[in-house]
Amino acid sequence: MIGNGKIVVLMLGGARRVSMGELLIDSGKRLGYDVEILSYELEECVPIAAIGGVIIGRKWRDTDVVEHLVETVKRYAVNIILPFVDGAIAVASECKRLLPDVFIPVSEEDIATAMFDKALAANLFAEKDIAIPSTYSVDDCKFPAIAKPRLGSASKGIKVINDAKELVQLQNPTEYLIQEYIAHREEYTVDCYVSKERKTMCVVPRLRIDIAGGEVTRTKTCKITSLIEMSRQVLDKISFEGPITLQFLHNLDNDEYLLMEINPRLGGGVVCSIHAGAPIADYIINEYLGNDIRECEDWKDNTLMTRYQKEVIFYE
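Since the model is a prediction, treat every value here as computed from it, not as a measurement. (Residues numbered from 1 in each chain as written. Predicted model: local features only at pLDDT ≥ 70, side-chain atom pairs only at ≥ 80, totals over all residues. Heavy atoms only, no water.)

J.: Explain the overall build of the protein to me, using residue names and the numbers behind them.
T.: A tally of regular secondary structure across the protein gives nine helices and 14 strands. In terms of overall size, the protein behaves like a compact globule, its C-alpha atoms giving a radius of gyration of 20 Å where 316 residues would be expected to give roughly 20 Å. With respect to the principal axes defined by its C-alpha atoms, the protein has extents near 60 × 45 × 40 Å. Counting only residues that meet the buried cut, the protein has 52% of its 316 residues in that class. Across the protein, the fraction of contacts at a sequence separation of at least 24, relative to all contacts at a separation of at least 6, is 65%. (Helix = DSSP H or I, 4+ residues; strand = E, 2+ residues; numbered from the N terminus. Rg over C-alpha atoms; globule rule 2.2 N^0.38 Å. Buried < 20%, exposed > 50% of the residue type's maximum accessible area, 1.4 Å probe, protein only. Contact = heavy atoms within 4.5 Å.)

So, in structure tokens, the structure goes:
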């Protein structure tokens, strides 16, 4: 057994990811290990405290955030680091370079940086001949269009632009990715895992049924052969590692799937794919332990996940 039979997992921004933390704990138990969950946050009273410890840290753009994380890893004997928010991905990538003895299943820094900037990501997708929505500049924009903050997340700040007048009113248009707006659509998330050897281990599409504040609250796994194959092609064209979340738009008018963005981290709704049979939590623990992992294709179709609110109470 590695160490003393305990595995310390440090979540970066895992404040609300209680279910994912529980799945990692369960995975460790099946392998004979006690998994301790820690989360790196800006405040102490967050839901993850119900199952683990909270470490007060820095903001992702603070100049000393990586230095502080390295100190944190040494202080708490951290074995695994997992980013759960976009801003933490590049930070985790830098930590991966500085902490070779810690398992940090994330992509290289240049990939993480490109995926965090929607405009850079769209350029990369186009270079790799990946189908995406038509992308416009201010001068050649066609309406209706959708403007997404280049560095935004969780659907914050997205605007639908209906005409030239609304486009002119858009402040700092260079800070947005402007693309065609497809009204008759469905949105899919695809939960994937790429091993340390860069092999795709699972690809699980989910229909995003209900969303609140950019977070899926109702989702269902869907075995769509064309979407699975397209996702595998995307992963073959870009050098990812670890948990990857692909976001696709399905144009219902012509039955075309278009890649919107890629988050090289665990997504909030990945819990659905894990309960459908994709052993993503097991992959993380096993890869840390140096165990072989096997590709999973027999996950359950039409697995529906719906969420409810649960309170965590803190007393003074």
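J.: Would you mind going over the sheet that holds strand S10 (residues 200-212) in detail, with residue names and values included?
T.: If you walk across this open sheet you meet the six strands as S13-S12-S9-S10-S11-S14, and the pairing is antiparallel. In this open sheet, the two strands that pair with only one neighbour each are strand S13 (256-263) and strand S14 (304-306). If you compare each strand with its neighbour and ignore which way they point, the axes differ by 30° on average. Summarising the sheet, strand S9 (residues 185-194) and strand S12 (residues 242-251) pair through 10 bridges and their orientation is antiparallel. Across the sheet, residue Tyr188 finds its bridge partner in S12, namely Phe248. Where helix H9 (residues 280-289) meets the sheet, it contacts S9, S10 and S12, and its direction lies at approximately 25° from that of S9. (Pairing = 2+ DSSP bridges. Axes fitted to C-alpha atoms, helices over the stretch in contact; angles between N-to-C directions.)

J.: Which residues make up helix H5 (residues 118-127), and what are the values?
T.: Since one α-helical turn is 3.6 residues long, residues separated by three or four positions face the same way. Inspection of H5 places Lys118, Ala119, Ala121, Ala122, Leu124 and Phe125 among the buried residues, and these make up the whole buried set. On the buried face of H5, the contacting elements are helix H4 (109-116), strand S6 (145-149), strand S8 (176-180) and S13. A side-chain oxygen of the first residue of H5 lies 3.0 Å from the backbone nitrogen of Ala119; this N-cap is Asp117. Two residues or fewer past H5, Asp129 is found with a positive phi of approximately 60°. (Polar contact = N/O pair within 3.5 Å; in protein donor to acceptor, adjacent residues only side chain to side chain.)

J.: Pulling in residues and values, what's your account of empty space enclosed by the protein?
T.: All told, the structure shown has one cavity of 30 Å³ or more when counted by the stated rule. Size it by volume and the largest cavity reaches roughly 60 Å³. In this structure, the largest cavity is lined by Asp86, Ile89, Ala112, Met115, Phe116, Lys118, Gly152, Glu261, Ile262, Asn263 and Pro264. Broken down by secondary-structure element, the contributors of at least two residues to the lining of the largest cavity are H4 and S13. (1 Å grid on protein atoms, 1.4 Å probe; cavity = no way out; pocket = protein on both sides within 12 Å on 5 of 7 lines; lining within 4 Å. Points joined across faces, edges and corners; volume = space filled by probe spheres on them.)

J.: Quick rundown of the packing of H4 against H5? Include the residues and the values.
T.: As a packed pair, H4 and H5 sit with axes 5 Å apart at the nearest point and diverge in direction by 110°. As the angle between them shows, H4 and H5 are arranged roughly perpendicular. Listed contacts from H5 to Ala114, Met115 and Phe116 of H4 are Lys118, Leu120, Ala121, Leu124 and Phe125. Here the contact of H4 with H5 is composed, by residue class, of seven nonpolar, no polar and one charged. (Parallel < 35°, antiparallel > 145°, perpendicular 65-115°, else oblique. Nonpolar A, V, L, I, M, F, W, Y, C, P; charged D, E, K, R; others polar.)

J.: Let's hear about the environment of Glu180: which residues, and what values?
T.: Considering the arrangement of structural elements, one finds Glu180 in strand S8. Taking the C-alpha atoms as reference points, Glu180 and Val160, 20 residues apart in sequence, are found 9.6 Å from one another. In contact with Glu180, other than residues within four places in its own chain, are Pro133, Ser134, Tyr136, Pro144, Ala145, Ile146 and Leu258. Among the polar contacts made by the side chain of Glu180, one reaches the main-chain amide nitrogen of Ser134 at a distance of 2.8 Å.

J.: Break down the packing of helix H2 (residues 65-76) against helix H3 (residues 87-98) for me, with residues and values.
T.: Viewed as axis vectors pointing N to C, H2 and H3 meet at an angle of 55°, and their least axial separation amounts to 10 Å. As summarised for this structure, H2 and H3 are arranged oblique, according to the angle between their axes. For the pair H2 and H3, the sense of crossing is right-handed. Across from Val65, Val66, Leu69 and Val70 in H2, the residues of H3 making contact are Val91, Glu94, Cys95 and Leu98. Its residues assigned to classes, the contact of H2 with H3 comprises seven nonpolar, no polar and one charged. (Left-handed = near helix turned anticlockwise from the far one by under 90°.)

J.: Describe H9, with residues and values.
T.: Along H9, nine of the 10 residues are buried, which leaves the element largely enclosed by surrounding structure. Ile280, Ala281, Tyr283, Ile284, Ile285, Asn286, Glu287, Tyr288 and Leu289 are the residues of H9 that are buried. Once H9 finishes, Gly290 follows within two positions and takes phi at roughly 85°, a positive value.

J.: Lay out the pattern of salt bridges in plain terms, naming residues and giving numbers.
T.: Under the counting rule described, the total for this entry stands at 18 salt bridges. With a closest N to O distance of 2.8 Å, Glu241 and Lys96 form a salt bridge. Note that Glu241 is positioned in the loop between helix H7 (225-237) and S12 and Lys96 in helix H3, a separation of 145 residues in sequence. One salt bridge in this structure joins Arg307 and Glu215, with 3.2 Å as the shortest N-O distance. (Salt bridge = Lys/Arg side-chain N within 4 Å of Asp/Glu carboxyl O.)

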